[in-house]
Amino acid sequence: MKLRTFHTVAAAAVIIFATLSLVLLAQAPAPFTVLSREGRKPLPVTMINNQEYVAVDDINATFGTTSREDQLAGGLTITARGQSIVLTADQNVVSVAGRLVSLPAPAVRRDNRWFVPADFLPRALSSALNTRLDLRRAMRLLIVGEMRVPRIVARVDAGSTNVAVTFEVTPNTEARVTAQPGRLVVQFEADAFELSVPLIPPQAFLTGITPGDTPTTLVLSLGPRTAMHRVTTTQADAGSGRVTIDLLAATTEAAPTPAPSPAPDTRLVIPTQGPSSGLRTVVIDPGHGGEALGTQGPRGTLEKEITLAVSRRLRTLIESRLGLKVFLTRDDDRTLSADERSAFANNHRADVMLSIHANYAVRPALKGAEVYYLTVERADEEARKKADANSTTLPALGGGSRAIDLILWETAQARYLEQSAALAGFIEQSLAARVEMSPRAVQQAPFRVLVGANMPAALVEIGYLSNAEQETQLATAAYQDQVALALLDALVKFRSLLEP
Ligand SMILES: [Zn+2]
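This is a predicted model, so every value here is computed, not measured.

J.: Mind laying out the packing of helix H4 (residues 303-321) against helix H10 (residues 477-498), listing which residues take part and the relevant values?
T.: Two elements in contact, H4 and H10, have axes separated by 9 Å at closest approach and are oriented at 50 degrees. Here H4 lies oblique to H10, going by the angle between them. Crossing angle aside, the handedness with which H4 passes H10 is right-handed. Taken together, the residues of H10 that come into contact with H4 (itself represented by Ile306, Ala309, Val310, Arg313, Leu314, Leu317, Ile318 and Arg321) are Ala477, Gln480, Asp481, Val483, Ala484, Leu485, Leu487, Leu488 and Leu491.

As structure tokens, then:
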């Protein structure tokens, strides 16, 4: 009986599998879109032996190259801007102007046409044309030349009275938000973008985020509860930027008369722990992670990996030499929002938070480390007053009540600006003794990760990944150790400031 059941299940599985295979076979792979200054063109793709191939005649039509077959030698010569690329049937090595380039699969001659694996485009054709060809498979895009194609990662945070939509844009790109009936259109100053959007269950504020009518717009479809919106643009770090669109309900919703001024959103209110009087707990925040890669060096070194490696080295040093408690906001490759990082530090009652990043600049010559502490966008004074004006009484355990401060997320860091400035100064001194500094070694910037940090905090850009020399350095244990030792020195100095 048991056996019989097993057979039935197995048969069913085989049928499902066969059906799926048929569907897969019937489905031709999506063409690549060739994106250049001249516009967009499709480039058909053929599957051969489970690899994506492109026909040479399609390449000729797209890039203005020509090809000539040598039947005797069983080869094909493609001429691109006077350079020759020589292919041989069933060989996965091609010659580009006399230099050998290997491909993941061989060139194939089939039905009187020649096909090359898609990687031929960035690996061989690119150097013959002397033009950058960037193949972004997931987006089915082949980018020709220096086009601006930022990666955009969308995130949706739903509160009870609002929804915040955040676009993390790498590299940082200007965006403009226009309201239209029932929707918001976000226009990016780019030639195209690569978009990652989470699945959004339809809800009262937002029903969807979809690509717009042009290649550089996105559309937020608004639900019935959204009455207004607020756009905040910040530079998340030197490499990426962030556009946050808060969708808000009408403050007078369902009330004929204006409601008294609404209480601040409780989601954004945190209890203060008072100014630091000692150094016991350190939170280290390795920048980026998961789908947020951060910046990337010319040879592909990822910021998110460097920041984690340095953070782990620093943790070991602090634990072993200072005996302090150390927590990392992430100890693996995961995506965290800036607010989640500062909330982590707040929840662990950190006495100091260090956020670790690596920098990016369009000018490849720029190098050196930089230290940042928060600049409060509104006048510092106003924010500080606001931070001090939110005392509340809460019932305490065992009866009675005790006064605790509740402060707005947006102003949490304001009360620590002086300590944070001192911390940044110590870090700069210590780093300068061990590694090269950028011409602007200490700066203030409105980094979101620092905004909600309810303790002294600084963000360290440990070097420029966009600089080829520094990309190599940043990946070495020696450089990472120097940075970690410098940060340890700075914490020792900072501790004596807190505990005179
Ligand atoms: Zn970063």
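Next comes the rest of the write-up.
J.: I'd love a proper account of the sheet that holds strand S10 (residues 108-110), names of residues and values included.
T.: Backbone hydrogen bonds hold the strands of a sheet together, and the pairing may be parallel or antiparallel. One open sheet accounts for four strands, arranged S3-S4-S11-S10; its pairing is antiparallel. Taken across any chain shown, the strands that pair with only one partner, and hence form the sheet edges, are strand S3 (46-48) and S10. Here the average twist between neighbouring strands, direction ignored, is 45 degrees. Pairing of S3 with strand S4 (residues 51-55), which is carried by three bridges, proceeds in the antiparallel orientation. Paired with Ile48 across the bridge in S4 is Gln51. Running over the sheet, helix H2 (residues 56-63) touches S4 and strand S11 (113-117) and is turned about 60 degrees from S4.

J.: Give a description of the pairing of strand S12 (residues 133-136) that names residues and reports values.
T.: Here S12 shows two buried faces, one formed by Leu133 and Leu135 and the other by Asp134 and Arg136. Counting the residues between successive antiparallel strands, the hairpin from S12 to strand S13 (residues 141-144) contains four residues, one of them, Arg140, with a positive phi of roughly 55 degrees.

J.: Explain the pattern of salt bridges to me, using residue names and the numbers behind them.
T.: Taken as a whole, this structure holds 28 salt bridges when the rule is applied. Among the salt bridges present, the one from Arg155 reaches Asp157, with a minimum N-O distance of 2.7 Å. Across the salt bridge formed by Arg242 and Glu168, the nearest N and O atoms sit 3.1 Å from each other. Placement of the pair is Arg242 in strand S22 (residues 241-248) and Glu168 in strand S15 (residues 162-170), with a sequence separation of 74 residues. By relative accessible area, which is 10% here, Arg242 ends up buried.

J.: Please give an account of the confidence of the model for the protein chain that cites residues and values.
T.: Model confidence for the protein chain is summarised by a mean pLDDT of 81, while 81% of its residues fall at 70 or above. The low-confidence segment residues 1-26 (pLDDT under 50) makes zero contacts with residues lying over four places distant or belonging to another chain. Counting contacts from residues 252-274, a segment whose pLDDT is below 50, to residues more than four positions away or on other chains yields 42 contacts.

J.: Please provide a residue-by-residue account of helix H7 (residues 417-432), values included.
T.: Relative to the 22 Å expected for 16 residues at 1.5 Å per residue, H7 spans 22 Å between its end C-alpha atoms, a close match to the ideal helical length. Within the span of H7, buried status applies to Leu417, Ser420, Leu423, Ala424, Phe426, Ile427, Ser430 and Leu431.

J.: I'd like to hear about the packing of aromatic side chains, residue by residue, with values.
T.: For the coordinates displayed, the defined rule picks out three aromatic pairs. Arranged with centres 5.6 Å apart and planes meeting at 70 degrees, the rings of Phe188 and Phe193 form a pair that is edge-to-face. Owing to a relative accessible area of 8%, Phe193 belongs among the buried residues under this scheme.

J.: Could you give me a rundown of the sheet that holds strand S8 (residues 93-96), with the residues and numbers involved?
T.: Ordered in space as S5-S6-S7-S8-S9, the five strands form an open sheet in which the pairing is antiparallel. Looking at the sheet topology across the chains shown, the edges are occupied by strand S5 (66-70) and strand S9 (99-102). Taken over all neighbouring pairs, the strand axes of this sheet differ in orientation by 25 degrees on average, direction set aside. By the bridge criterion, two bridges tie strand S7 (residues 83-88) to S8 in an arrangement that is antiparallel. By the bridge assignment for S8, Val86 is matched with Ser95. Sheet strands touched by helix H3 (residues 120-129): strand S6 (75-80), S7, S8 and S9. Its angle to S7, the strand with the most contacts, is close to 150 degrees.

J.: Talk me through the nonpolar core; I want residue IDs and the actual numbers.
T.: The biggest cluster of nonpolar side chains holds 44 residues, and the ones touching the most others in it are Ile318, Ile427 and Leu431. Considering each element in turn, this core owes the most residues, eleven residues, to H10. When residues no more than four places from it in sequence are discounted, the contact partners of Ile318 are Val282, Ile284, Gly323, Leu324, Val326, Leu488 and Leu491.

J.: Give me H2: which residues, what numbers.
T.: Every buried residue of H2 is listed here: Val56, Ile59, Asn60, Thr62 and Phe63. At the C-terminal side of H2, Gly64 shows a positive phi close to 70 degrees.

J.: I'd like to hear about unusual backbone geometry, residue by residue, with values.
T.: A cis geometry characterises the amide bond from Thr170 onward to Pro171, with omega recorded as -10 degrees. Locating Pro171 in the fold gives a position in the loop between S15 and strand S16 (175-180). Positioned with a positive phi, Asn112 is a non-glycine residue whose angle comes to about 65 degrees. Turning to its location among the elements, Asn112 is positioned in the loop between S10 and S11.

J.: Go over the packing of H7 against H10 with me, naming the residues and quoting the values.
T.: Packed helices, taken two at a time, are described by the angle between their axes plus the distance between the axes. Two elements in contact, H7 and H10, have axes separated by 8 Å at closest approach and are oriented at 140 degrees. Looking at the two axes, H7 sits oblique to H10. Our pair here, H7 against H10, has a crossing hand that is right-handed. Between H7, through Gln419, Ala422, Leu423, Phe426, Ile427, Gln429, Ser430 and Leu431, and H10, the contact on the second element is made entirely by Val483, Ala486, Leu487, Asp489, Ala490, Lys493, Phe494, Leu497 and Leu498. Here the residues of the contact of H7 with H10 are counted per class, giving twelve nonpolar, three polar and two charged.

J.: How would you summarise the side chain of Thr173 if you had to cite specific residues and measurements?
T.: Along the chain, Thr173 falls in the loop between S15 and S16. For Thr173, a relative accessible area of 13% corresponds to the buried category. Side-chain polar atoms of Thr173 contact the backbone oxygen of Pro171, separated by 2.7 Å. Residue contacts for Thr173: discarding those within four places in its chain leaves Pro150, Phe188, Glu189 and Ala190.

Rules of the game
Residues numbered from 1 in each chain as written. Predicted model: local features only at pLDDT ≥ 70, side-chain atom pairs only at ≥ 80, totals over all residues. Heavy atoms only, no water. Axes fitted to C-alpha atoms, helices over the stretch in contact; angles between N-to-C directions. Helix = DSSP H or I, 4+ residues; strand = E, 2+ residues; numbered from the N terminus. Parallel < 35°, antiparallel > 145°, perpendicular 65-115°, else oblique. Left-handed = near helix turned anticlockwise from the far one by under 90°. Contact = heavy atoms within 4.5 Å. Pairing = 2+ DSSP bridges. Buried < 20%, exposed > 50% of the residue type's maximum accessible area, 1.4 Å probe, protein only. Salt bridge = Lys/Arg side-chain N within 4 Å of Asp/Glu carboxyl O. pLDDT = per-residue confidence, 0-100. Expected span 1.5 Å × (residues − 1). Phe/Tyr/Trp six-rings, centres within 6.5 Å; stacked < 30°, edge-to-face > 60°. Core = buried A, V, L, I, M, F, W, Y, C linked by side-chain atoms within 4.5 Å. Nonpolar A, V, L, I, M, F, W, Y, C, P; charged D, E, K, R; others polar. Polar contact = N/O pair within 3.5 Å; in protein donor to acceptor, adjacent residues only side chain to side chain.

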